[in-house]
Amino acid sequence: MGNFLNWVNDDMNNSLIRLNNVGKEYLVGEVPIKAVDGISFNVEPGELIVVLGPSGAGKSTVLNIIGGMDRPTSGEIWVEDQNIANFSDRELTLYRRKKIGFVFQFYNLMPNLTALENVELAAQISDDPLNIQEIMEAVELEHRLHNFPAQLSGGEQQRVAIARAVAKNPLLLLCDEPTGALDYQTGKSILILLSKVNRELRKSVMIITHNSALAMMANRVIRIKNGRVERIEVNESPESVERIEW
Amino acid sequence: MELLFRKLWRDIREAKGQFASILLVLVIGVMFYTGLNSALRNLDYASRKYFTSYRLADLWVSFQKAPENVVSRIQAFAEVKQVTGRVVQDVQITIDGQDAVLRLISLPDRRDTGVNDVMLQAGRYFSSDESNQCLVDEAFFKAHGLKPGDRLQPLISGNLIKLKVIGMVKSPEYLYQLRDSNDMVPDAKRFGIVYLKKSFAQAIFGFNGSINDASILLNPGVDSLEFQAKIEKTLQRYGLIETTLKKDQLSYNTFSGDLEQLTSLSGFFPILFLIVAATIIYITMNRLIENQRIQIGTLKALGYTNFQITSHYLSYALVIGLIGSLIGSLFGIYLGRLLMVMYNTMYQLPLEQMKSHFDLIIPASILALFFCGLAGYNSCKNELRIVPAESMRPKAPKIVVKTWIEKIDWLWQRFNFSWKIILRNLFRYKKRAMLTSIGIIFSTALLLAALGMNTSMVYLITQQYTNVQKYDLKVGFNKLLALTDINYIQTLPHVTRVEPVLGYGVELTNGWRSKKVGLTGLTSHSQLYQVMDSQGLPVAVPERGILISERLSQTLGAIPGDFLQVRPLWPGKNDDRDRDRDSKNIRVRGVVAQYIGESAYAKLNFCGAILQEGPAFNQVLLKLDHPQNQAKVIVKLKAMPVVASVQSKIDTVANIEKAMENAVFSIGIMIAASALLAFAVVYNITTINIFERRRELATLKVVGFTNSEMRQLVFNENMIITALAIGCGLFLGRYLLDFLLQDAATDNMNFPTILTPDSYILAVILVFTFTIAANLILMKKIHRINMVEALKSSE
C-alpha cells in the first residue's frame, strides 16, 4: 500500500531513477531463486537514500542493478528516460562510466597504485571530472596522496574509494555497506563525508546498510525484505549524522 | 592509459619472481630453437657456397680409357655447362712406415677454372718447371706432417715414382675423404688425394691423349637423372664404366647424410621445445591474470571498456613476449655461431662470413609472442564476459564433497592435519594440480628423450663393435685368395682365430629402386662377425640368398622371400657393357638390424658364386689373444705383399667416435637445454603456487603454524604432484624418443630406441633435484608472507 501511494505521489517526470517491478532470478542447479522479486521505487535528484534490510534481503543486488553492474531478469529501470534493463554491454559500460560512482564495502582499490593514482584512474575516463586536488582535500586525504592502499587504514582506504567514485562527477553515488568493515568513529566520519557529498556537491547518494539507526540521516528510507520492498518512508527533515548515536 | 601502464609496471615489479621465471622459459625456448637451427643453416650455406665456388661436379663419368675429344663430345650437349677431362687412379704408397693409398687426380697444368677445382691452402699451384710437382690434400698433408718441398714416392705400375710436394689444397669433391663405400670413416693417414699435372699424369699412366674421368657441370634446371641416362647411351662406345650423380657421390652423399642427420636430430626437438615453452607460458600467464579477477571487476565497475582492460593485460603478455624473444634471439645467434664452429671442426669448411638468420628469429619470436598474447587475451575474456558484480564476488568455492579418500575412514584418521590439507587440495583442485603437472610432464619427457638419444647412440656403438664385429683386425687383400693361402696368417703369434670374408660392392635392384651397398660374405658359423636382428638376437646366415638390413629393406621395398637383382661392382668384372647380363637374381632370406652403414650379408661361397669364382676371399677377420698385441701382428701382416690394408677395430671405434662427435655434441646440448627448461618450469610453477596461496598460508601463519610446518605443507604437496607428473612424463618421453629417433635416421646411421634404467633414473633424479632446489630457493618467500598485508585483501 505504501509503495503505491509513494509512486502516485512522486512526480514521475522529475525522478532521477525509476525502478519498475524489477526482478532478479538465479538458477541454482535446477531451482530458481529470486534474489529480487518485483521491486519498484523512485530516486529523486539530490536525495540521500538509505536502503535497509537484513542480510540476504536483496539490497546489494538492487544496488548492483541500479549501478549497471548486473542485469535484472525482469522489470524496467528508467534512468533519465532510458531503460537500462535493455542496455547492451557497451551501453552499460558507458552508463557506469558516466553516470555512476560506486563505493564497495571492501574498497577494491588498485593495490599497486597510490591513493592519488587510484582517484586519477577514475577521473581520466570521465568526460567532466571534478578537480582531484579539491576532492582529496574534501575527503581529508591531502597528506596521504602518495601512499599505497596497504599503507592506509581502513577508513582512509574507504575515503579514497569515495573520492574515486565522486571524481567522475556521476549522476548517482552508490554505496554498498560502506562502513561495514569500519569501527564506530571511522564509520561515522565516512557517513558524514557521504552526506557532505550529498549536500554540498548535490549528488544523489544511495547507501545500503543493515544499521537501522542510519535511517534518520536519509531523505528516503527503503526497507527491503525477502527481495521485496517492505515499505518506503520519506523523511521531511533528516538528522545530521553527528547527532545520530547507535 | 598512462596510469594503467604504471599499474602494469608495478605489478611486474611486485611479482618479479614469477615474471622472471616465465621469461626464463621463453628465453630458453627461443634461444635453443634459433641457435640450433641457425648453426645448421650456416653449415648448409657454407657448404653450398664451397661447392659452388669450386665447381663441384653434377655428374662424373668414368671410362676405361677414352680419347680426349670425348670431352668436346660431352660439351656439345645443351645441358652441359662445363666439362673437364681428368686422369684418376689409386696407387699404393708406403709413408712413415705405414701403408696408404693415394688417389692421384690430374689438374690442368696451368691454373684454370675447371670442374672439381681445388682451393689452395698453402704453397703454390703448379709452375712450368718440374713435371712431377704435386698438390696434397690438407688432411693427408697434416696427418703426415708434410711441408712444401717434401717428396712422396708412390708405387705406380710397379715403379716408385718421386713426386715433389709444392702445396696443400682442399677440394669439395673430397669433403669427406673416403676411398670407397667400404670405408665408413675417413682415415687421413691411410688415404690421401694427390693432384698432379695433367701432362705428367697422362704420361706415367700411359694415357697420352686420353682420359678416364669426365667431370660435368650441368646447366641450372637440367634433370640430372634424365641426362645421366641420355649420356650413358651416347658414351657407351667410349668404354664407359659408370656414371655417378652428385647425390650419389661418396663424399657429397656422406656429408648430406650427416647434415640430414644433424638436422633431423636437432630438427624437431627445438620446435617441440619451443612449443612446450609456449604452453607453459600460456598456463602461467593465464593464472597470473586470473588472480587479478577482482581488479578486473573493479576496472569494469569504474567504466573501463573491455577493450581497454584487455589491452592492459595483453600488454603484460606482450612485454614479456617481446623481452623474452629479444634476449632469446640474441643468445640464440650467439649459440648458433658457437655450435657452427663446433660442427665445423669435422668438416673444416671455409667460413668467410656467417649470416644472422632473421628468418629464424622472426618465426620463433612470433610464436612466443602469439602464445603470450593468446594467454593474455583468453585469460581476460572469461572475466570480461560476466557482469562486474560477479567477478568481484570471490569465486564460489566448488561444491564441497567428500573426496573418495576421505570416505575411507580408517585411512583418513591416520593422516595428521597437514596431510589432510594436502590431500584435500590435491583431490579438490584437480585442475590446478593438472596445470601444474603439465609443465613437469613435458620437461621430464623432453629430458628423458634427450638422455635416451644418448643411450641409444652408446648402445649402437657397443652393439656394433662388441657384439657384431667381434674381430680385432680386418685385413684386406689386393687380390682374391684361395682358402689355402690363409695358413700363414693362422700361424702368426697372438692370432687366435682367422676367418675369411669376401666383401665387395654391389648394386641391388628391386624394380625401379636400386641401391649400391657392400656385400659381405661370411664363413659358416662365423664367430667374429655376428649378424643380429632388431631384438639383438643372432641370425644365421643362410646357405643361399642374402640378408639385408632393415633400412635397405625399406629403401628397396623388399621383404624376405622377394627377389633382388644383384650386380657386382667388382673392377674388371663389370666392364661388360650390357649391365643386365651381370646381374643375378638373388632371394632375400631375412632382414637384420644394422645401425651403422648399410650392407647385405651372405655365405662366403655364395658371394663367390655371384662373381663366378670358386670359394675365394679378399679379406680376413682376426682375433688376437690380447688387443694390445695388435701392433706386432700388424707389422707382420703389412710385410705380406698380398696385404692391401689392415684395419684395427680399436682404431675404427676411435674414428667413429670422432665422427659422431657432432651428433653427441648436439645431444649434449639438448640434454642441457631440457634440464634448464625443467628447472625453469619447476621454479615457475612453485612461485605461482605460493603466490596464489598466500592468503591461505598467511591464515595458517596467523593460526600458529611454524615456518617449517608451512614449508612442509607446500613442499609435500609439490612433491606429490611432481612425482605423479614425472611418472607421466617418463611414459610420454619414451614415445617422444621413438619419434625423434625415427626422424633422425639416415642411410648411414639409424638408431634403435634404447632406454636403460639409468636414463630413467637420471631423469627422475634430475627433475626431483630441480624441484627440491626450487622449493628451497622459494622457501624464503613463504617465510616472508606478510600476514597482515595478505589478509587485507578481500579475496
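The model shown is predicted, which means the values in this text are computed figures rather than measured ones. Residue positions are given per chain, counting from 1 as you read along its sequence in written order. Here every chain gets a letter starting at A, and every ligand a number starting at 1, in the order they are written. Given that this is a predicted model, residues contribute local features only at a pLDDT of at least 70 and side-chain atom pairs are listed and counted only at 80 or more, while totals for whole chains, interfaces and linings are drawn from all residues. Computation of side-chain values covers all heavy atoms of the structure but excludes hydrogens and water.

**Some points on the pairing of strand 11 (residues 191–197) of chain B**
Residues and elements named next belong to chain B.
Inference 1: Think of it in three bands: residues with accessible area under 20% of the maximum for their type are buried, residues over 50% are exposed, and the middle band is partly exposed, with areas taken using a 1.4 Å probe on protein chains only. A run of H or I in DSSP counts as a helix once it spans at least four residues, and a run of E counts as a strand once it spans at least two, with each numbered from the N terminus. Taken across its seven residues, strand 11 has seven buried, putting it largely inside the fold.
Inference 2: Strand pairing is assigned whenever DSSP detects at least two bridges linking the two strands. Both strand 4 (residues 98–107) and strand 11 contribute to a ladder of seven bridges, which runs parallel. Across the sheet, residue Val101 finds its bridge partner in strand 11, namely Phe191.

**Let's talk about the sheet that holds strand 1 (residues 17–28) of chain A**
All names here are of chain A.
Inference 1: Strand order in the open sheet formed by four strands is 2-1-4-5, with antiparallel pairing between adjacent strands. The open sheet has two edge strands, strand 2 (31–43) and strand 5 (82–83), and neither has a second partner.
Inference 2: Relative to strand 5, strand 4 (residues 74–79) is paired through two bridges, and the arrangement is antiparallel. Paired with Val79 across the bridge in strand 5 is Gln82.
Inference 3: We call two residues in contact whenever any of their non-hydrogen atoms come within 4.5 Å of each other. Lines fitted to the C-alpha atoms define the axes, with helices restricted to the stretch that makes contact. Angles between their N-to-C directions range from 0 to 180 degrees. Helix 2 (residues 59–66) contacts strand 1, strand 2 and strand 4 of the sheet and is inclined by roughly 120° relative to strand 1.

**Looking at the side chain of A:Glu177**
All names here are of chain A.
Inference 1: Relative to the helices and strands, Glu177 resides in the loop between strand 7 (172–176) and helix 7 (184–200).
Inference 2: We treat Lys and Arg as the positive residues and Asp and Glu as the negative residues; His and chain ends play no part in the count. One side-chain nitrogen of Lys or Arg within 4 Å of one carboxyl oxygen of Asp or Glu is enough to make a salt bridge. Of the side chains with opposite charge, Lys59 comes closest to the buried, unpaired Glu177, at an N-O distance of 4.3 Å.
Inference 3: Looking at Glu177, its side chain comes within polar contact range of the side chain of His210, at 2.9 Å.
Inference 4: Beyond its immediate stretch of four places on either side in the chain, Glu177 contacts Lys59, Gln105, Ile208, Thr209 and His210. Residues adjacent in sequence count toward polar contacts only when both atoms are side-chain atoms; beyond that, a polar contact is any pair of N or O atoms within 3.5 Å, and within protein one must be able to donate a hydrogen and the other to accept it.

**Quick word on the nonpolar core**
Side chains of nonpolar character tend, in soluble globular proteins, to be buried together.
Inference 1: One finds A:Leu121, B:Phe32 and B:Met285 to be the most contacted residues of the largest nonpolar core, which totals 136 residues.
Inference 2: Apart from residues no more than four positions distant in its own chain, B:Met285 is found in contact with B:Phe19, B:Ile22, B:Ala317, B:Ile320, B:Ala375 and B:Ser379. Joining through side-chain atoms within 4.5 Å is the link that ties buried Ala, Val, Leu, Ile, Met, Phe, Trp, Tyr and Cys residues into a set, and such a set is a nonpolar core.

**Comments concerning the sheet that holds strand 2 (residues 80–86) of chain B**
Residue and element names in this part refer to chain B.
Inference 1: Here four strands make up an open sheet; going across it, the order is 2-12-1-13 and the pairing antiparallel. Since the sheet does not close on itself, it has two edges, and those belong to strand 2 and strand 13 (240–245), each with one partner. Taking the axes of each pair of neighbouring strands and ignoring which way they run, one obtains an average angle of 20° across the sheet.
Inference 2: Where strand 1 (residues 59–67) and strand 13 come together, five bridges link them in antiparallel fashion. Its bridge partner lying in strand 13, Ser62 is registered against Glu242.
Inference 3: Those strands touched by helix 6 (residues 224–235) are strand 1, strand 2, strand 12 (210–218) and strand 13, and its axis lies near 170° from that of strand 13.

**Here's the deal with the pairing of strand 6 (residues 100–103) of chain A**
Residues and elements named next belong to chain A.
Inference 1: Side chains Ile100 and Phe102 of strand 6 all project onto a buried face; the interleaved residues Gly101 and Val103 project onto the opposite face, where all are buried too.
Inference 2: Bridge count between strand 6 and strand 7: four bridges; the pairing is parallel. Directly across from Ile100, in strand 7, lies its bridge partner Leu172.

**Observations concerning the interface of chain B and chain A**
Inference 1: With 27 residues of chain B at the interface, the matching set in chain A holds 29 residues.
Inference 2: Buried area between chain B and chain A, summed over both chains or domains, comes out near 2500 Å², and the portion from carbon and sulfur atoms is 56%.
Inference 3: Note on definitions: buried area is the accessible-area loss of two parts on being combined, 1.4 Å probe, summed for both. Its largest share of buried area at the contact with chain A, chain B owes to B:Leu3, B:Arg10 and B:Leu302, together 25% of the area lost on that side.
Inference 4: At the boundary of chain B with chain A, the tally comes to two salt bridges.
Inference 5: Measuring nitrogen to oxygen at the nearest pair gives 2.2 Å for the salt bridge that ties B:Arg6 to A:Glu117.

**Digging into the packing of aromatic side chains**
By convention here, two paired aromatic rings are described through the distance between centres and the angle between planes.
Inference 1: Stacked, tilted and edge-to-face pairs are distinguished by plane angle, under 30 degrees for stacked and over 60 for edge-to-face with tilted covering the rest, among Phe, Tyr and Trp rings (Trp via its six-membered ring) whose centres lie within 6.5 Å. For the structure shown, the criterion picks out 15 aromatic pairs over all chains.
Inference 2: Their ring planes at 85° and their centres at 6.3 Å tell us that A:Phe87 and A:Tyr95 sit as a pair that is edge-to-face. The pair formed by A:Phe87 and A:Tyr95 is uniform in burial state, with each residue classed as buried.
Inference 3: One aromatic cluster is present, built from ring pairs that chain together B:Tyr50, B:Phe51, B:Tyr54, B:Tyr252 and B:Phe255.
Inference 4: In this scheme, Lys NZ or Arg CZ marks a charge over a ring once it lies within 6 Å of the ring centre and within 35 degrees of the ring normal. For the cation-ring pair, A:Lys188 lies above A:Trp246, with the distance from its terminal atom to the ring centre recorded as 6.0 Å.

**Details of the confidence of the model for chain B**
Inference 1: Per-residue confidence from the predictor is reported as pLDDT, which spans 0 to 100. Predicted confidence across chain B gives a mean pLDDT of 82, with 92% of residues reaching 70 or more.
Inference 2: On the interface metric, ipTM, the complex scores 0.79, and its pTM is 0.70.

**Remarks on helix 4 (residues 115–123) of chain A**
Inference 1: The buried count for helix 4 of chain A comes to eight of nine residues, which makes it a mostly enclosed element.
Inference 2: When we look at burial in helix 4 of chain A, the residues that qualify are A:Ala115, A:Leu116, A:Glu117, A:Asn118, A:Val119, A:Leu121, A:Ala122 and A:Ala123.
Inference 3: Contacts made by the buried residues of helix 4 of chain A are with helix 5 (132–138) and helix 6 (154–167) of chain A together with helix 1 (2–14) and helix 8 (293–302) of chain B.

**Some details on the pattern of salt bridges**
All names here are of chain B.
Inference 1: This model, assessed by the stated rule, comprises 36 salt bridges over all chains.
Inference 2: The shortest N-O distance in the salt bridge between Glu79 and Lys230 comes to 2.7 Å. With a gap of 151 residues between them, Glu79 in the loop between helix 3 (70–75) and strand 2 and Lys230 in helix 6 connect regions that are remote in the sequence.
Inference 3: Of the residues examined, Glu79 reaches a relative accessible area of 18% and is grouped as buried.

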